[in-house]
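Single-letter residue listing:
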Amino acid sequence: MDIRTGLFYLFSAVLLFAAFRVITARNPVYAALFLVLTFFQAAGIWMLLRAEFLAISLVLVYVGAVMVLFLFVVMMLDINVDALRAGFWKHFPVAATVGALIALEMAAVLMGGFRPTEEPRALPAATAAAQAGVQFSNTKELGKLLYSEYVYPLEIAAVILVVAIVAAIALTLRHRKDTKAIDPALAVRVKARDRLQIVKLPPSRPAQPEAAPAAAAETKA
């Protein structure tokens, strides 16, 4: 067993352990940290597969941005874990059934790529270019593949993400009565003469003459 195979088994073992701890950790902060470890191990496996762009994107996007946001949200919300785990065993059979079906589907898809064929399979583009001594760019080839062969699945995934974002905003948007907000349309249509208006009001009581306080002082004396 060479060092590359050993690193693959090491990354895979740590990835499986971290993924298991994500769903079993009682503290949500620990679960998020284990998810960060899972992303790092997946990035290491992609590095072994010579997919450097995907590995760096996983670390920068998910670990550097998404997981930091998750940690801030989890620590600021102060989630009550006991209330969330109240119905865990009640829904466990359904969750286990769905998980087993997903695992079987993934196994059926993945095992189809490991079946031996009679015709020799062509070498990957990166391996063939490395053996030929030609400079190869993973990022360039990935862009060509995404925007040529997989352009429609990419657009469908983008639409689904946009719909999910809009749905999340619509579900969390609540109109509060104590919120001080203005209508932008009214603010745009405002005119200079409408900003200040002078109103003449009659006095609430008649003004006292100036000689009255002096006469009252002499009377007291």
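Residues numbered from 1 in each chain as written. Predicted model: local features only at pLDDT ≥ 70, side-chain atom pairs only at ≥ 80, totals over all residues. Heavy atoms only, no water.

Q: For the confidence of the model for the chain, give the residues involved together with the corresponding values.
A: Any region with low pLDDT has predicted coordinates that should not be read closely. On average, residues of the chain carry a pLDDT of 78, and 76% of them reach 70 or more. Here helix H6 (residues 125–132) is the element of the chain with the lowest mean pLDDT, 55, and helix H1 (residues 3–24) is the one with the highest, 90. (pLDDT = per-residue confidence, 0-100. Helix = DSSP H or I, 4+ residues; strand = E, 2+ residues; numbered from the N terminus.)

Q: Please set out the nonpolar core residue by residue, giving values where relevant.
A: Among the nonpolar cores identified, the biggest contains 12 residues, and these are Leu15, Ala32, Val36, Phe39, Ala42, Ala43, Ile45, Ala55, Leu58, Val63, Met67 and Leu71. For this core, the elements supplying multiple residues, two or more each, are helix H2 (28–48) and helix H3 (52–77). At 6 residues, the largest contribution of residues to this core is made by H2. Not counting residues within four places of it along the chain, the set of residues in contact with Met67 comprises Ala32, Leu35, Val36, Phe39 and Tyr62. (Core = buried A, V, L, I, M, F, W, Y, C linked by side-chain atoms within 4.5 Å. Buried < 20%, exposed > 50% of the residue type's maximum accessible area, 1.4 Å probe, protein only. Contact = heavy atoms within 4.5 Å.)

Q: Give a description of the UniProt feature "transmembrane region" (unreviewed entry) in the chain that names residues and reports values.
A: Here the UniProt feature "transmembrane region" (unreviewed entry) sits at residues 6–23, 30–49, 55–79, 91–114 and 150–173. Between the end C-alpha atoms of residues 6–23 the distance is 27 Å, and the span holds 100% helix and 0% strand. This span, residues 30–49, is 95% helix and 0% strand, and a straight line between its end C-alpha atoms measures 29 Å. (UniProt positions renumbered as here; feature names shortened; annotations may be inferred.)

Q: Residue-level account of the packing of H1 against H2, with values.
A: Each pair of packed helices can be summarised by the angle the axes make with each other and by the distance between the axes. The contact between H1 and H2 brings their axes to 8 Å, and the two run at 155°. By the angle between their axes, H1 is roughly antiparallel relative to H2. Judged by the sense of rotation from one axis to the other, the crossing of H1 with H2 is left-handed. Residues Arg4, Leu7, Phe8, Phe11, Ser12, Val14, Leu15, Phe17, Ala18, Ala19, Arg21 and Val22 of H1 touch H2, and the partners they reach there are Ala31, Phe34, Leu35, Leu37, Thr38, Gln41, Ala42, Gly44, Ile45 and Leu48. When the residues that make up the contact of H1 with H2 are grouped by side-chain class, the tally is 16 nonpolar, 4 polar and 2 charged. (Axes fitted to C-alpha atoms, helices over the stretch in contact; angles between N-to-C directions. Parallel < 35°, antiparallel > 145°, perpendicular 65-115°, else oblique. Left-handed = near helix turned anticlockwise from the far one by under 90°. Nonpolar A, V, L, I, M, F, W, Y, C, P; charged D, E, K, R; others polar.)

Q: Just give me the short version of the environment of Thr139, but keep the residues and values in it.
A: Topologically, Thr139 is positioned in helix H7 (residues 138–146). Distance in space between the C-alpha atoms of Thr139 and Ala51 is 8.5 Å, their sequence separation being 88 residues.

Q: Give me the lowdown on the packing of H2 against H3, citing residues and values where you can.
A: In contact at an axis separation of 9 Å, H2 and H3 are set at 175° when each is read in the N-to-C sense. Classified by the interaxial angle, the pair formed by H2 and H3 is roughly antiparallel. Here Pro28, Val29, Ala32, Leu33, Leu35, Val36, Phe39, Phe40, Ala42, Ala43, Trp46 and Met47 of H2 come into contact with H3, specifically with Glu52, Leu54, Ala55, Leu58, Val59, Tyr62, Val63, Met67, Leu71, Val74 and Met75.

Q: Please provide a residue-by-residue account of helix H5 (residues 88–111), values included.
A: Spanning 24 residues, H5 covers 32 Å between terminal C-alpha atoms, matching the ideal 34 Å at 1.5 Å per step. Maximal helix bending in H5 amounts to about 30°, located at Val94. (Expected span 1.5 Å × (residues − 1). Bend = angle between axes of the 7 residues up to and from the residue.)

Q: Tell me what's going on with the side chain of Gln41, and back it up with residues and numbers.
A: Here Gln41 lies in helix H2. On the basis of relative accessible area, Gln41 is assigned to the buried category, the value being 11%. Residues in contact with Gln41, not counting those within four places in the same chain, are Phe11, Val14 and Leu15.

Q: Before we move on, could you go through the environment of Leu10 and cite the residues and values that matter?
A: Tracing the chain through its elements places Leu10 in helix H1. According to the relative accessible area criterion, Leu10 is partly exposed, its value standing at 47%. Along the chain, Leu10 and Ile45 lie 35 residues apart, while their C-alpha atoms are 9.6 Å from each other.

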